[in-house]
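The lines below spell out each chain.
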Amino acid sequence: MKDLEVQRRRLVEALVSAGYLKNPRVIRALLAVPRELFVPEELREYAYVDSPLPIGYRQTISAVHMVAIMTEELNPEPGDTVLEVGTGSGYQAAVLAEIVAKQDPERRGHVYTIERIPELAEFAKGNLARAGYSEYVTVIVGDGTLGYPEKAPFNRIIVTAAAPTVPPPLIDQLADEGALVIPVGDPYIQRLLVVEKRGGKLYKKWGIECVFVPLIGEYGWKSTTF
Ligand code: SAM
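Conventions adopted
Residues numbered from 1 in each chain as written. Predicted model: local features only at pLDDT ≥ 70, side-chain atom pairs only at ≥ 80, totals over all residues. Heavy atoms only, no water. Salt bridge = Lys/Arg side-chain N within 4 Å of Asp/Glu carboxyl O. Helix = DSSP H or I, 4+ residues; strand = E, 2+ residues; numbered from the N terminus. Buried < 20%, exposed > 50% of the residue type's maximum accessible area, 1.4 Å probe, protein only. Pairing = 2+ DSSP bridges. Axes fitted to C-alpha atoms, helices over the stretch in contact; angles between N-to-C directions.

Draft legend 1. Representation of the pattern of salt bridges in the model. A complete count under the given rule lists seven salt bridges for this structure. Ionic pairing is found between Glu 13 and Arg 9, a salt bridge with its closest N-O pair at 3.6 Å. With Glu 13 and Arg 9 both in helix H1 (residues 2-17), this residue pair falls four residues apart, about one helical turn. The exposure class assigned to Glu 13 is partly exposed, which follows from its relative accessible area of 45%. You can call Arg 9 partly exposed: its relative accessible area is 43%. Across the pair Arg 198 and Glu 196 runs a salt bridge, and its minimum N-O distance is 2.5 Å.

And the structure:
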């Protein structure tokens, strides 16, 4: 475990040197969350290789630099209510919870995360419990392209699967002064899109190219044959 902690620190330092990580809150979160508890046991030794890893059901835990970039773009703050679409392993949800609910005990926000594959939702729940994030993260099974109206509006929304367009329910459920980060494109390559809502108006900014597994659902892709 000590060895993995050293690897975690070295990877975060490398991401800072490469310019991926600048925000001190995000840096602290990536140093705090043990990614080794979010990958299948047989892959633990690769937890700090900066690449996506398989988590079963043809899905992946994203590479750490991608989590870093998306979290920096999202810019969550303590006290925020966050929606994540695409729980996967639960790692990104833990990084978000670290920032919005743990870093400042005076401002306890919450992360709601939706996963369409029930077995992965269970995997994530177990990982989040072992890593100590259960009380800050609610895992929901369902189609995240519909958002989660029960707890809307959200200060921040992050989608960690590739969408053909931005699902309209997510725009509706974004709070004013809120931000949404989502990979948009075809199923094979996408660009990161940041949407900010200010005074009811939307402001869009396109970022880097990326490759995510497809977002499957009512406002996503219709087929599971990718
Ligand atoms: N954020 C995850 C993590 O930290 O491990 C990685 C996400 S993985 C790249 C994408 C996930 O999105 C998969 O687990 C997939 O099953 C899920 N997904 C795809 N379409 C979805 C939808 N409509 N609603 C909820 N989850 C969805």
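Right, picking up where we left off after that structure.
Draft legend 2. Quick look at the pairing of strand E6 (residues 154-159). Counting buried residues in E6 gives five out of six residues, a clear majority hidden from the surface. Relative to E6, strand E3 (residues 81-85) is paired through four bridges, and the arrangement is parallel. Counterpart to Val 82 in the pairing with E6 is Arg 156. Strand direction decides the pairing type here: E6 and strand E7 (residues 174-185), joined by four bridges, are parallel.

Draft legend 3. Region of interest: the sheet that holds strand E5 (residues 137-141). Taken together, seven strands build an open sheet; the order of strands is E5-E4-E3-E6-E7-E8-E9 and the sheet is mixed. Edge strands, defined here as strands with exactly one partner in the open sheet, are E5 and strand E9 (201-210). Between one strand axis and the next, the sheet turns by 15 degrees as a mean value, whatever way the strands run. Pairing analysis gives seven bridges linking E7 to strand E8 (residues 190-198), with the strands arranged antiparallel. Paired with Gly 185 across the strands is Gln 190, a residue of E8.

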